[in-house]
Amino acid sequence: MKREYIAAALITAIFVISVFNTHYVENKTRALTEDIESAEQLYNSGDGSGAASIVEDSMQKWLGWDSYAHIMLRHSEVDLVTDAYFELLSDLQSGETVPKAAFGKLKEQLHSISIMEKITIGSIF
Amino acid sequence: MILGIVFIRTMIIYLSLLVAMRLMGKRQLGELELSELVITVLISDIAAHPLQDIGIPLMNGVLPIIILLCCELIISGVIVKSSRIKALLCGKPSFLIIDGVINQKEMQKNRFTPDELAEELRSQSVLDISKVKYAILETDGKLNVVLFPPERPLTAGQMQIAEDDTGFPVIVINNGHIIRENLSICGKNEEWLQKELTARKVKSAKDVYLMSVNGTGQIYFAKSEEKNET
């Protein structure tokens, strides 16, 4: 019966880790989205370099999370977020007008990762 | 770089599968119960996806294997403890033939056609259904056939012939390698082995393909052809 208890413990641990992972990804993407939102507010108030600095910091946070993200999330989704970060940062640093859609795209990609990990009836079926 | 990733991922999945199948036990390699078949089919399919697409996290392959392995271990443990749950998950053996008469209701229930039954019986050298006392379809899908007593093969016991019990043959040299554990099991030592090899004009165990000893001390000996040719 020892084997069965170990299996039951392992399956419970995997479930707990899965729930933890869902919350962790949600919190992480929420924090990153908040960064982008504050960068957008700064940009709209005319502080382009301040916005670029926030996006750069946020991107560093994202890249620091890269290994975890690649292990736990679909690689194509992770790459889309990374690309959106680089695109937005490059637009901000170029000094040209940054379209609202550039901020929206990054926020959408982060939201998509968070949604993907959420346990809902829809995601299960 | 991609080739390296594919290599490492394949190795990880292969080893995970190997460990999973090993932990599931030898039954998985032979006749499968329903739950075991489901898990075997699922595992092989799940394992293939992260191997084909390196964009899928390896976790998506490894985690389901671990979860299925745990489910299988729990279910097989519960089945051993409870015959009710075993009947629920694996079903019950079905008697397809009783006293030489086909049980058509059971045949229909098990989606077994008369020609399939005849084929199964033929594979067991049974050509006449009326000679079958019982034909039992086991839960692993195997058909066991019990003949009427007059049709059963005669045994030495029935003939009252005294047959010597030669015991189980133990392999002591396997392809040139001495199996010391087996030598001690049959109560022999290397000194005895060397003496037997010398008696067969063989210098060392390396020149022997197979040597076994049974309970009565009878030896089966096969010289290595490879060594003889060179």
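Residues numbered from 1 in each chain as written. Chains lettered and ligands numbered in written order. Predicted model: local features only at pLDDT ≥ 70, side-chain atom pairs only at ≥ 80, totals over all residues. Heavy atoms only, no water.

*Asks:* Help me get a handle on the interface of chain A and chain B, residues and values and all.
*Replies:* Contacts between the two partners involve 15 residues from chain A and, on the opposite side, 16 residues from chain B. Across the chain A/chain B interface, buried area totals approximately 1300 Å², and carbon plus sulfur atoms make up 75% of it. Together, A:Arg3, A:Ile11 and A:Ile14 form the three largest contributors to the area buried by chain A at its contact with chain B, with a combined 34%. Between the two partners, chain A and chain B, sit one residue pair in polar contact (both at pLDDT 80 or more). Sorting the residues of the side of chain A that touches chain B by element identifies helix 1 (2-44), helix 3 (66-72) and helix 4 (75-94) of chain A as the ones contributing at least two each. Residue contributions to the side of chain A that touches chain B peak at seven residues, all from helix 1 of chain A. Among the residues forming the side of chain A that touches chain B, the class breakdown is nine nonpolar, three polar and three charged. (Contact = heavy atoms within 4.5 Å. Buried area = accessible area lost by both parts, 1.4 Å probe. Polar contact = N/O pair within 3.5 Å; in protein donor to acceptor, adjacent residues only side chain to side chain. Helix = DSSP H or I, 4+ residues; strand = E, 2+ residues; numbered from the N terminus. Nonpolar A, V, L, I, M, F, W, Y, C, P; charged D, E, K, R; others polar.)

*Asks:* Mind laying out the sheet that holds strand 3 (residues 132-137) of chain B, listing which residues take part and the relevant values?
*Replies:* All names here are of chain B. Strands sit in the order 2-1-3-4 across an open sheet of four strands; the sheet is antiparallel. Either end of the sheet is taken by a strand with one partner, and the two such strands are strand 2 (101-102) and strand 4 (143-147). Across four bridges, strand 1 (residues 94-98) lies against strand 3 in antiparallel orientation. From the neighbouring strand, Ile 97 faces strand 3, where its bridge partner is Ala 135. Across the face of the sheet, helix 6 (residues 114-123) comes into contact with strand 1, strand 2, strand 3 and strand 4 while running at roughly 70° to strand 4. (Pairing = 2+ DSSP bridges. Axes fitted to C-alpha atoms, helices over the stretch in contact; angles between N-to-C directions.)

*Asks:* I'd like to hear about the sheet that holds strand 6 (residues 177-178) of chain B, residue by residue, with values.
*Replies:* In any sheet, the strands associate via hydrogen bonds between backbone groups, in a parallel or an antiparallel arrangement. Residue and element names in this part refer to chain B. The four strands lie next to each other as 6-5-7-8, forming an open sheet whose pairing is antiparallel. In the strand order of this sheet, the two ends are held by strand 6 and strand 8 (219-223), each with one partner. Summarising the sheet, strand 5 (residues 170-174) and strand 6 pair through two bridges and their orientation is antiparallel. Following the sheet pairing, Ile 173 is matched in strand 6 by Ile 178.

*Asks:* Can you explain the packing of helix 4 of chain A against helix 5 (residues 100-117) of chain A? Please cite residues and give values.
*Replies:* Residues and elements named next belong to chain A. Here helix 4 crosses helix 5 at 160°, and the two axes come no closer than 9 Å. In terms of their interaxial angle, helix 4 and helix 5 are classed as roughly antiparallel. For helix 4 against helix 5, the interelement crossing comes out left-handed. Contact residues: Glu 77, Leu 80, Val 81, Ala 84, Tyr 85, Glu 87, Leu 88, Asp 91 and Leu 92 in helix 4; Ala 102, Phe 103, Lys 105, Leu 106, Gln 109, Leu 110, Ser 112, Ile 113 and Met 116 in helix 5. For the contact of helix 4 with helix 5, the per-class residue count stands at twelve nonpolar, two polar and four charged. (Parallel < 35°, antiparallel > 145°, perpendicular 65-115°, else oblique. Left-handed = near helix turned anticlockwise from the far one by under 90°.)

*Asks:* For the nonpolar core, give the residues involved together with the corresponding values.
*Replies:* Within the largest apolar cluster, 26 residues are counted, with the highest numbers of intra-cluster contacts made by A:Trp62, A:Tyr85, A:Leu88 and A:Leu92. Among the elements that make up this core, the one with the highest residue count is helix 4 of chain A (seven residues). Excluding residues within four positions of it along the chain, A:Leu88 makes contact with A:Ile36, A:Val55, A:Val98, A:Ala102, A:Phe103 and A:Leu106. Counting 14 residues, the second largest nonpolar core, distinct from the first, contains A:Ala7, B:Ile43, B:Ala47 and B:Leu69. (Core = buried A, V, L, I, M, F, W, Y, C linked by side-chain atoms within 4.5 Å. Buried < 20%, exposed > 50% of the residue type's maximum accessible area, 1.4 Å probe, protein only.)

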